[in-house]
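# A structural walkthrough
Residues per chain are reported as follows:
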Amino acid sequence: MDDPVMSFGELKVEGAQERIIPFECETLRPRLRKVWRILPDDNLTIFMHEKACRAMVLEAYDNPEVEIGGVMLGGYYTHKERPFVIVEDVVTAQHVLSSSHSLKFTHETWGAITRELANRKEKRRTVGWFHSHPKSAAFLSEDDQFIHHHFFNQPWQVAVVVSVRDSVLATFQWREDVLVGRCGYYLIEAAASEIVSR
(Lines give C-alpha, C1' and ligand atoms only; values in the text may rest on other atoms or scores of the structure.)
Protein backbone atom coordinates (compact mmCIF):
# COMPACT_ATOMS: atom_id res chain seq x y z
CA MET A 1 0.00 0.00 0.00
CA ASP A 2 1.36 3.42 -0.95
CA ASP A 3 1.90 6.10 1.66
CA PRO A 4 -0.90 8.66 1.68
CA VAL A 5 0.12 12.04 0.35
CA MET A 6 -0.04 14.82 2.90
CA SER A 7 -1.50 18.02 1.58
CA PHE A 8 -1.37 21.15 3.65
CA GLY A 9 -2.97 23.37 1.03
CA GLU A 10 -1.54 26.75 0.23
CA LEU A 11 0.54 28.09 3.07
CA LYS A 12 -0.35 31.62 4.03
CA VAL A 13 2.42 33.40 5.88
CA GLU A 14 1.41 36.69 7.33
CA GLY A 15 3.80 39.42 8.35
CA ALA A 16 4.80 40.26 11.88
CA GLN A 17 2.46 42.14 14.18
CA GLU A 18 3.74 45.34 15.76
CA ARG A 19 4.08 44.84 19.51
CA ILE A 20 6.23 46.13 22.35
CA ILE A 21 9.30 43.95 22.80
CA PRO A 22 9.24 42.36 26.30
CA PHE A 23 12.42 43.98 27.62
CA GLU A 24 10.98 47.44 26.81
CA CYS A 25 7.98 46.71 29.07
CA GLU A 26 8.56 47.93 32.65
CA THR A 27 6.34 45.18 34.08
CA LEU A 28 8.22 42.41 32.28
CA ARG A 29 11.81 43.63 32.40
CA PRO A 30 12.50 42.29 35.93
CA ARG A 31 10.98 38.92 34.98
CA LEU A 32 13.25 38.20 32.02
CA ARG A 33 16.38 36.11 32.29
CA LYS A 34 19.00 36.24 29.56
CA VAL A 35 20.28 32.77 28.66
CA TRP A 36 23.60 32.55 26.82
CA ARG A 37 24.76 35.35 24.59
CA ILE A 38 22.30 37.35 22.51
CA LEU A 39 23.09 38.17 18.90
CA PRO A 40 23.37 41.81 17.75
CA ASP A 41 20.22 43.91 17.58
CA ASP A 42 19.65 43.36 13.85
CA ASN A 43 18.85 39.66 14.43
CA LEU A 44 15.72 37.94 15.57
CA THR A 45 15.43 38.02 19.36
CA ILE A 46 13.98 34.88 20.95
CA PHE A 47 11.78 34.94 24.04
CA MET A 48 10.61 31.67 25.62
CA HIS A 49 7.89 31.21 28.19
CA GLU A 50 9.15 29.19 31.13
CA LYS A 51 6.19 26.79 30.68
CA ALA A 52 7.22 25.95 27.09
CA CYS A 53 10.87 25.61 28.04
CA ARG A 54 10.01 23.36 30.97
CA ALA A 55 7.77 21.16 28.76
CA MET A 56 10.59 20.58 26.25
CA VAL A 57 13.14 19.77 28.96
CA LEU A 58 10.82 17.47 30.94
CA GLU A 59 9.81 15.57 27.80
CA ALA A 60 13.50 15.09 26.94
CA TYR A 61 14.39 13.90 30.45
CA ASP A 62 11.35 11.58 30.56
CA ASN A 63 12.72 9.86 27.43
CA PRO A 64 16.48 9.57 28.09
CA GLU A 65 17.05 6.72 25.63
CA VAL A 66 15.46 8.12 22.45
CA GLU A 67 15.12 11.48 20.73
CA ILE A 68 11.77 13.23 21.10
CA GLY A 69 10.53 16.38 19.40
CA GLY A 70 7.63 18.55 18.39
CA VAL A 71 6.64 22.02 17.29
CA MET A 72 6.80 25.32 19.16
CA LEU A 73 3.86 27.72 19.09
CA GLY A 74 3.76 31.43 19.71
CA GLY A 75 4.03 34.63 17.75
CA TYR A 76 6.29 36.62 15.47
CA TYR A 77 6.40 40.35 16.13
CA THR A 78 8.32 43.55 15.52
CA HIS A 79 9.02 46.50 17.77
CA LYS A 80 10.39 49.60 16.07
CA GLU A 81 11.34 47.37 13.10
CA ARG A 82 13.22 44.95 15.37
CA PRO A 83 11.96 41.36 14.85
CA PHE A 84 11.34 38.99 17.73
CA VAL A 85 9.60 35.69 18.35
CA ILE A 86 7.86 34.49 21.50
CA VAL A 87 7.65 30.73 22.14
CA GLU A 88 4.53 30.23 24.29
CA ASP A 89 3.71 26.54 24.05
CA VAL A 90 4.76 23.23 22.49
CA VAL A 91 3.07 20.25 20.89
CA THR A 92 5.03 17.03 21.36
CA ALA A 93 5.17 14.94 18.19
CA GLN A 94 3.54 11.51 18.16
CA HIS A 95 4.11 8.62 15.74
CA VAL A 96 7.79 9.47 15.22
CA LEU A 97 10.59 7.11 14.25
CA SER A 98 13.30 7.65 16.82
CA SER A 99 16.43 6.18 18.30
CA SER A 100 19.14 7.53 20.59
CA HIS A 101 20.66 9.42 17.62
CA SER A 102 17.83 10.23 15.23
CA LEU A 103 14.28 11.50 14.97
CA LYS A 104 12.07 11.36 11.91
CA PHE A 105 8.63 12.92 11.60
CA THR A 106 6.26 10.64 9.64
CA HIS A 107 3.09 11.42 7.69
CA GLU A 108 1.21 10.33 10.81
CA THR A 109 3.29 12.77 12.90
CA TRP A 110 2.37 15.72 10.71
CA GLY A 111 -1.27 14.62 10.59
CA ALA A 112 -1.49 14.43 14.39
CA ILE A 113 0.19 17.85 14.78
CA THR A 114 -2.18 19.38 12.22
CA ARG A 115 -5.22 17.95 14.03
CA GLU A 116 -3.93 19.11 17.43
CA LEU A 117 -3.43 22.67 16.14
CA ALA A 118 -6.86 22.74 14.49
CA ASN A 119 -8.53 21.67 17.76
CA ARG A 120 -6.90 24.34 19.91
CA LYS A 121 -8.98 27.33 20.94
CA GLU A 122 -6.05 29.72 20.90
CA LYS A 123 -4.64 30.00 17.41
CA ARG A 124 -0.91 30.46 17.54
CA ARG A 125 1.70 30.44 14.86
CA THR A 126 4.18 27.57 14.48
CA VAL A 127 7.39 29.43 15.34
CA GLY A 128 9.73 26.46 15.07
CA TRP A 129 10.48 23.00 16.32
CA PHE A 130 12.36 21.25 19.10
CA HIS A 131 13.98 17.90 19.69
CA SER A 132 16.30 16.19 22.13
CA HIS A 133 19.74 14.66 21.96
CA PRO A 134 19.84 12.13 24.79
CA LYS A 135 23.46 11.07 24.33
CA SER A 136 25.15 13.91 22.44
CA ALA A 137 25.75 17.65 22.44
CA ALA A 138 23.23 20.30 21.39
CA PHE A 139 23.79 20.75 17.65
CA LEU A 140 21.82 20.38 14.41
CA SER A 141 22.77 17.23 12.51
CA GLU A 142 22.39 17.00 8.73
CA ASP A 143 18.96 15.38 9.22
CA ASP A 144 17.97 18.16 11.65
CA GLN A 145 19.04 20.80 9.17
CA PHE A 146 17.02 19.04 6.45
CA ILE A 147 13.90 19.23 8.66
CA HIS A 148 14.52 22.90 9.41
CA HIS A 149 15.22 23.83 5.77
CA HIS A 150 12.13 22.05 4.47
CA PHE A 151 9.52 22.58 7.18
CA PHE A 152 10.65 25.61 9.22
CA ASN A 153 12.24 27.85 6.60
CA GLN A 154 10.69 31.21 7.48
CA PRO A 155 13.28 33.70 8.79
CA TRP A 156 11.48 33.85 12.15
CA GLN A 157 11.26 30.08 12.69
CA VAL A 158 13.72 28.76 15.25
CA ALA A 159 14.97 25.38 16.44
CA VAL A 160 15.68 24.16 19.95
CA VAL A 161 17.86 21.19 20.87
CA VAL A 162 17.80 19.81 24.41
CA SER A 163 20.97 17.86 25.20
CA VAL A 164 20.10 15.50 28.05
CA ARG A 165 23.73 14.41 28.33
CA ASP A 166 25.02 17.97 28.78
CA SER A 167 21.95 19.49 30.50
CA VAL A 168 21.79 22.22 27.83
CA LEU A 169 18.94 23.82 25.89
CA ALA A 170 20.31 25.49 22.75
CA THR A 171 18.51 27.70 20.24
CA PHE A 172 19.20 28.02 16.51
CA GLN A 173 17.93 30.65 14.09
CA TRP A 174 18.23 31.82 10.51
CA ARG A 175 20.71 34.53 9.68
CA GLU A 176 21.03 35.40 5.98
CA ASP A 177 19.87 31.92 4.88
CA VAL A 178 22.29 30.16 7.24
CA LEU A 179 21.37 28.44 10.50
CA VAL A 180 23.26 29.97 13.41
CA GLY A 181 23.53 27.98 16.61
CA ARG A 182 23.62 28.66 20.30
CA CYS A 183 22.32 32.16 19.76
CA GLY A 184 20.72 32.67 23.16
CA TYR A 185 17.27 33.66 24.28
CA TYR A 186 15.36 35.40 27.04
CA LEU A 187 13.38 33.22 29.44
CA ILE A 188 10.07 34.73 30.54
CA GLU A 189 9.31 33.65 34.11
CA ALA A 190 6.03 31.81 34.64
CA ALA A 191 4.57 34.69 36.65
CA ALA A 192 4.97 37.03 33.68
CA SER A 193 3.60 34.69 31.00
CA GLU A 194 0.05 36.01 31.29
CA ILE A 195 1.22 39.58 30.69
CA VAL A 196 3.12 38.62 27.52
CA SER A 197 0.29 36.52 26.12
CA ARG A 198 -2.11 39.47 25.98
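Look up: the structure comes first, before these words.
Computed from a predicted structure; not experimentally measured.

As a further point, take the overall build of the protein chain. Along the backbone of the protein chain there are four helices and twelve strands. The buried share among the 198 residues of the protein chain stands at 47%. Taking all contacts inside the protein chain whose residues are at least 6 apart in sequence as the whole, residues at least 24 apart take part in 72%.

The next subject is the pairing of strand 11 (residues 178-181). As defined by bridge partners, strand 10 (residues 168-175) adjoins strand 11 across four bridges and the pair is classed as antiparallel. Paired with Trp174 across the two strands is Leu179, which belongs to strand 11. The turn linking strand 10 back onto strand 11 is made up of two residues, and Glu176 within it adopts a positive phi angle of 50°.

Counting through the fold element by element, Thr171 comes out in strand 10. Residue classification places Thr171 among the buried residues on the basis of a relative accessible area of 1%.

Considered for burial, the residues of helix 3 (residues 142-151) that qualify are Asp144, Ile147 and His148. The buried side chains of helix 3 occupy one side of the element, clustering within an arc of 95° when seen end-on. Those residues of helix 3 that are buried lie in contact with strand 7 (103-104), strand 8 (125-133), strand 9 (158-163), strand 10 and strand 11.

Next up on the list: unusual backbone geometry. Backbone geometry places Glu81, a non-glycine residue, at a positive phi of 70°. Along the polypeptide, Glu81 turns up in the loop between strand 4 (69-79) and strand 5 (82-92). Take Glu81: its relative accessible area is 77%, and that puts it in the exposed class. Even without being a glycine, Asp177 presents a positive backbone phi close to 65°. Following the sequence through the fold, Asp177 ends up in the loop between strand 10 and strand 11. When its relative accessible area of 72% is taken as the criterion, Asp177 is described as exposed.

Membership of the largest hydrophobic core comes to 24 residues, with the highest contact counts inside it found for Met48, Met56, Met72, Phe130, Val160, Leu169 and Tyr185. Sorting the residues of this core by element identifies strand 3 (45-49), helix 1 (50-62), strand 4, strand 5, strand 8, strand 9 and strand 12 (185-188) as the ones contributing at least two each. By residue number, the principal contributor to this core is helix 1, which donates four residues. Filtering out sequence-adjacent residues up to four positions away, Met48 remains in contact with Met56, Val87, Val160, Leu169, Thr171, Tyr185, Tyr186, Leu187 and Ile188. In this structure, Val91, Ala93, Ala159 and Val161 belong to the second largest nonpolar core, which totals 20 residues.

Glancing now at the pairing of strand 8. Within strand 8, seven of the nine residues are buried, which leaves it mostly tucked inside the rest of the structure. Pairing of strand 4 with strand 8 involves six bridges; the strand directions are antiparallel. Within strand 8, the residue paired with Gly74 across the bridge is Arg125. Relative to strand 9, strand 8 runs parallel, the two being bridged by six bridges. Each bridged residue has a counterpart across the sheet, and for Trp129 the counterpart in strand 9 is Ala159. For the segment spanning strand 8, helix 3 and strand 9, crossover handedness is right-handed.

Rules used throughout
Residues numbered from 1 in each chain as written. Predicted model: local features only at pLDDT ≥ 70, side-chain atom pairs only at ≥ 80, totals over all residues. Heavy atoms only, no water. Helix = DSSP H or I, 4+ residues; strand = E, 2+ residues; numbered from the N terminus. Buried < 20%, exposed > 50% of the residue type's maximum accessible area, 1.4 Å probe, protein only. Contact = heavy atoms within 4.5 Å. Pairing = 2+ DSSP bridges. Arc of directions from axis to C-beta. Core = buried A, V, L, I, M, F, W, Y, C linked by side-chain atoms within 4.5 Å. Right-handed = clockwise from strand over helix to strand, strands pointing away.

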